[in-house]
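Here is what each chain is made of, one letter per residue.
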Amino acid sequence: MRKHVLGVFMVFVSVLVSAPMASGASGRISKQTEACLECHASVNPGIVGAWEKSRMARVTPRAARSMVVKKRRVSFESVSKGLASVVVGCAECHTLNPEKHQDSFEHNGYQVHVVVTPEDCAICHPVEKGQYSKNLMYNAYGNLKNNPVYHGLVDSAIGIQSFNGMKTTLKKPDEQTYADSCFYCHGTIVKVQGMKTRETDKGKMSFPILSGWPNQGVGRINPDGSMGSCTACHTRHQFSIEMARSPATCSECHKGPDVPAYKVYMVSKHGNIYSGLGKGWNYKAVPWTVGKDFTAPTCATCHVSLVVSEQGEVLAERTHQMSDRLAWRLMGLIYAHPHPRSADTTVIRNKAGLPLPTELTGEPVAKYLIDTKEQDKRTKTMQKVCLGCHSHGWVEGQFARFENTIKTTNEMTLTATKILLSAWQKGAAKGLAQKDSIFNEAIEKMWVEQWLFFANNTRYASAMMGADYGAFANGRWYMSKNIQQMADWLEFKLKEKR
Amino acid sequence: MRKHVLGVFMVFVSVLVSAPMASGASGRISKQTEACLECHASVNPGIVGAWEKSRMARVTPRAARSMVVKKRRVSFESVSKGLASVVVGCAECHTLNPEKHQDSFEHNGYQVHVVVTPEDCAICHPVEKGQYSKNLMYNAYGNLKNNPVYHGLVDSAIGIQSFNGMKTTLKKPDEQTYADSCFYCHGTIVKVQGMKTRETDKGKMSFPILSGWPNQGVGRINPDGSMGSCTACHTRHQFSIEMARSPATCSECHKGPDVPAYKVYMVSKHGNIYSGLGKGWNYKAVPWTVGKDFTAPTCATCHVSLVVSEQGEVLAERTHQMSDRLAWRLMGLIYAHPHPRSADTTVIRNKAGLPLPTELTGEPVAKYLIDTKEQDKRTKTMQKVCLGCHSHGWVEGQFARFENTIKTTNEMTLTATKILLSAWQKGAAKGLAQKDSIFNEAIEKMWVEQWLFFANNTRYASAMMGADYGAFANGRWYMSKNIQQMADWLEFKLKEKR
Amino acid sequence: MRKHVLGVFMVFVSVLVSAPMASGASGRISKQTEACLECHASVNPGIVGAWEKSRMARVTPRAARSMVVKKRRVSFESVSKGLASVVVGCAECHTLNPEKHQDSFEHNGYQVHVVVTPEDCAICHPVEKGQYSKNLMYNAYGNLKNNPVYHGLVDSAIGIQSFNGMKTTLKKPDEQTYADSCFYCHGTIVKVQGMKTRETDKGKMSFPILSGWPNQGVGRINPDGSMGSCTACHTRHQFSIEMARSPATCSECHKGPDVPAYKVYMVSKHGNIYSGLGKGWNYKAVPWTVGKDFTAPTCATCHVSLVVSEQGEVLAERTHQMSDRLAWRLMGLIYAHPHPRSADTTVIRNKAGLPLPTELTGEPVAKYLIDTKEQDKRTKTMQKVCLGCHSHGWVEGQFARFENTIKTTNEMTLTATKILLSAWQKGAAKGLAQKDSIFNEAIEKMWVEQWLFFANNTRYASAMMGADYGAFANGRWYMSKNIQQMADWLEFKLKEKR
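How each quantity is defined
Residues numbered from 1 in each chain as written. Chains lettered and ligands numbered in written order. Predicted model: local features only at pLDDT ≥ 70, side-chain atom pairs only at ≥ 80, totals over all residues. Heavy atoms only, no water. Phe/Tyr/Trp six-rings, centres within 6.5 Å; stacked < 30°, edge-to-face > 60°. Helix = DSSP H or I, 4+ residues; strand = E, 2+ residues; numbered from the N terminus. Buried < 20%, exposed > 50% of the residue type's maximum accessible area, 1.4 Å probe, protein only. Lys NZ or Arg CZ within 6 Å of the ring centre and 35° of its normal. Least-squares fit on C-alpha atoms with pLDDT ≥ 70 in both. Contact = heavy atoms within 4.5 Å. Buried area = accessible area lost by both parts, 1.4 Å probe. Salt bridge = Lys/Arg side-chain N within 4 Å of Asp/Glu carboxyl O. Nonpolar A, V, L, I, M, F, W, Y, C, P; charged D, E, K, R; others polar. Pairing = 2+ DSSP bridges.

A.B. asks: So what about the packing of aromatic side chains? Which residues, and what values?
C.D. replies: Summed over the entire model, instances satisfying the criterion amount to 66 aromatic pairs over all chains. When the centroid spacing of 5.8 Å and the interplanar angle of 85 degrees are considered together, the rings of B:F472 and C:F453 count as edge-to-face. Linking B:F472 in the loop between α20 (442–464) and α21 (476–497) with C:F453 in helix α20 (residues 442–464), this pair reaches from one chain into another. In this structure, B:F472 and C:F453 share a single accessibility class: buried. Here the basic side chain of A:R236 rests over the ring of C:W394, its NZ or CZ set 4.6 Å away from the ring centre. Residue placement shows C:K445 over the ring face of B:W477; its charged tip is 5.2 Å from the ring centre.

Written as structure tokens, this is what we have:
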């Protein structure tokens, strides 16, 4: 124990010396958390050390709540007395709502759970939790798992293929493979499968065995029945706002050829300024002042943060419903289209009865999508951030170009779709009419790359000024080449069939 | 106004406390700029904040000129009294040369223009502007737009393709698409298309409508008739030398598969040292002292900056004509070749009458290219930088390897060209003889990748020690595979034609 | 000379002010090194400046040895008196063991050599040198050059192809090309080819001409007969531990599609924490304390460093035999398999007589590979690092998923192999039976990408939580697509043959 008291003392001193502090901060650690630390400081020194560096370890909920509204990082109206007056330590989160937590277990006299969930975090951050639950990301598990079309894409992409008798066959992926690929970001289902007894320094102890674990995917299905994972962005156990505002944090799930946001950002002027000058910025200030704390946006600036001017004007309210500022859904689907009304997209059906927001030939399924009025509103919200550094003419030019790119990339996807439809029609490949997967053959995979990779990269490059990502780097060059290769494949295949 | 006076005072204080300062610095802000700031500090807080952090906001041209030559960042002989004695603020740049600026408009009693151009910057930086205008980059718009061969590559890469009756057809790209892809880096033509009246906090105001805007491409055609854009590298409105020396700045246009300089640098030993230790370097010193300010080069060190030793010896003079230190042109063209004599490459014609610096089979068109004497001179200039940290034996070994790689990558490109020529000759594809685009069919696109991507990556890897970029990462592996795939394509196509 | 005395004085002052210092540090510079510096401070200011920033320039071997064991960075029992009491400067390394150094030459009265080797470094770091020599990397030259199968892959990947009479032919690569690609990382043979006289500021001087130079590959064959290159990671001449612990350092050879460790790390949660918060960490501390000095691992943390808890417990002993903590060999070979017993893998023969650790159909060749007991031991060693921040349940879940991925990626490779075997058998391509290269035709190159790129990326993503690298970013998506394309290629080729 002496060790921890000392540790806390040192944290306290460093706060006095260097960090802005809420009045009443440097609260005491609860008895329960002290009990946790007694062992875990030596069992898991890394996370205890990270927590010691955190604001959570220094500031009580009461002190956090006492700040003027703009500077607050909590959004609760009230919490229990027990929580309000101690800093947020191990026990404060890992023992909440035990009755809801399937993963709660008896541990040295405490009822502890492994997986801290948005439901737990919502004790202090209910507004953020509420906003977040309106996101596509919140539904990322179900939107993938319960949509037969998307799920067909998953299975054909990650299933095990065999080759026998000159034919390939596809076996469905196992649970570990799901968790290791698509659901790493989308989120797994975390369930208790039983208990396991383990020899420890303190003798035999029992711990729950979790399936789908570890996972921090944005749409994780938690053992308390809640959805999502705050730690996807607010990395445990330092929970640093500096990290949540770092573009690298978003890159974990937004860097691949299918979601190139980070790569496009890093090559953009914004990203270049961040790379060149960002080491001198203040990533901790709440609210976040443009021109003072930073001179170019990170992902959070445009999509999440409370951004103000030095004169105190609010450029953007904090939101954890990221689609608030987004008129178009650029990625993941065959054609770019207005954002869906419902973040649970499994309810959508197009005319052909498929769970897709557009027809296979691109027409949007209007009744499930936001209308142009809502699109305009969201565009305006985003543009208010842009206008912090750019003139109206600049911003309008930028958005006109972007909307043109949505149109042309959809056209180039339609062309690829027409080649695929010809292939199905002429028997070169098997598709919907043959009740076959629309993702398993080579031509189908080429078609997928047209929209999931190339059209997508081109649109991101246009939205975020990604230079070569609109040209040669997974952009227009590949859309153009892919169409020629699809046409040639069809020609070769038909010839061969004759 | 009080706000700004205070702001300037704070800048002043911080200068006293922390920054090296020219004698006579901390000049006053002009009345005109004060008028700009009065509104724009709240209308565009981001750029005003960036400018406040800048050296421009602290140092008058007169003070900048008063330093010893080696430490100077300006190159003018004289400027008007009005400019000399105030810091460089909004009005100083945005109201220069109004008679030349098609985008100049009446704004609250001032004649203001939107696009600050190299012609404007040249008031204080004439030598840099003069050097820059000898660059290929300065001509980047025309070199692409007015060269029918290159422009054919552009159109086939970014145009819209359709598929009807089992055939693909190509439509020329629209202006927005040009601006959104190739000309993002090469530069657009920025023109005034009319005026637009907008409701503002100060009532109705009129602003010019610009086409080709926004853009910061290196060869931009400006509304004052000038060419280029200093802000491509010297990002507005902080204009930080630290940023111009950051490799990320160059990456905006030099990161894709066609221009992999940044990627190769970052994987090289130089880039690794920068990544591991660069956070402790001094990027602001002028001149820039090797071994003291930094211990490995960034892009600027080898290609642009004034580099000296601690003992005061000049390793490299500052240049904004980057080709000064480059004997070979590695990228963008079918074969690597000596740098062209004229930075406007549209004047070049090979024996076949094509605007290319080599024949289609690789022989350089000597009369348009620098001779070996000039190549040697440029190589020596570059090597003087290398020798700051490496022995003669090291440097000679490095350059011998590099020149060998130019030879072998040209050979591998020739092999791909021969396959393409066979395809044209045997009717498997349509090329020059058929007056068809040489870039629109699959085999032609494979050929393009051989030189524009793979040979190019291999050469950059060799020039800058890019490890796997010379092997598997877009390098030799892909050259080798591409040739086999081109040969197979030809075989399949000919068989099918029978 | 005065200059240097002053420089050293300044170093001394800065040590007093800011750096942790061994008792007895700030030793004097030897007369010999002073003689070197007299010229080289102006001839190579960059490396002299880097060295001046180094710990080597401040701390004598004796002082380094005098620290408590855990804090030591040297491992010798004794060194000569001459070396013990001076700081480690130019002469201390470049004049060691002259009798062994083929590259030793007379230089201003000293017997100097160009290439400092592990044998030289071992004077002070014998334990590290000894550990390192048990690595695959130590044998990286021979493992590639002297294994006919691998070497066939090299030659077909980087050799020069020609196209004549509708056929491609392959010429072996030249020595410069070897050095410029595969052997850049694997290491070249560095040999003295003669002497060259050069005009210098001090008159005519003679220097050795080295072939295979420059090179810092991990398995370099040195002119003193030793193997390896410490400077691959411990970059000259600053030799900063901060740099050795930077992930960028490892990226030089571990970033490409064939060895994606760095890319996977940077997209992982670990890498994100490093990117977002790592600028505040202490990379210089020895030992390295988890939770205090850093809160997420870099490459070195898990694979090399001495890692302790704040309470002093050792989580991992320092090792320079990186395989100590690795049960599986994931990369470079056709199938993932247990690590080989011998780091010299040229001794391995499978049942078919090929120098491969598995059969072509995946079965491991047990007698050359570590057994499950040794695998378990290595896994446990690695897991002890994981447990510093993660629970047993987390770690077990992670490793179970990883081992499943080894199995499934091997299955997907086997499927690709079966298509290739069919192609050979049916005469669509020429393979082992025809005594032809197994890497030169298109289908063979597709097969190589299945394991060398895609299975490999998928496994790394699984091992290090690389998100999309297990899905779309060079991962499962490409394995799946590649199989379809291989099957189509075979179909087209067979049809064409009919």
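A.B. asks: Explain the relation of the copies chain B and chain C residue by residue, including any values.
C.D. replies: Overlaying chain B on chain C yields an RMSD of 0.0 Å, the required transformation being a rotation through 120 degrees with an accompanying axial translation of 0.0 Å. A rotation of that kind, with that shift, is consistent with a three-fold axis. Judged by C-alpha distance, B:F492 is the residue of chain B that lies nearest the rotation axis, at 4.1 Å. A distinct binding surface is used by each copy, with only 3% of the interface residues of chain B retained as interface residues in chain C.

A.B. asks: How would you explain the interface of chain A and chain C if you had to name every residue and give the values?
C.D. replies: Each partner contributes residues to the interface: chain A has 73 residues there, and chain C has 65 residues. Roughly 5900 Å² of surface becomes buried between chain A and chain C when both sides are summed, with 57% attributable to carbon and sulfur atoms. Applying the counting rule to chain A against chain C returns 9 salt bridges. Between A:E449 and C:K481 there is a salt bridge, and its shortest N-O distance comes to 3.0 Å. Class assignment for the residues of the side of chain A that touches chain C results in 29 nonpolar, 24 polar and 20 charged.

A.B. asks: Which residues make up the sheet that holds strand β8 (residues 307–308) of chain A, and what values go with them?
C.D. replies: All names here are of chain A. If you walk across this open sheet you meet the 3 strands as β7-β8-β9, and the pairing is mixed. On the outer flanks of this sheet lie β7 (288–289) and β9 (314–316), each paired with one strand and no other. In the sheet, β7 pairs with β8 via 2 bridges, with the strands oriented parallel. When the sheet's bridge partners are listed, W288 is paired in β8 with V307.

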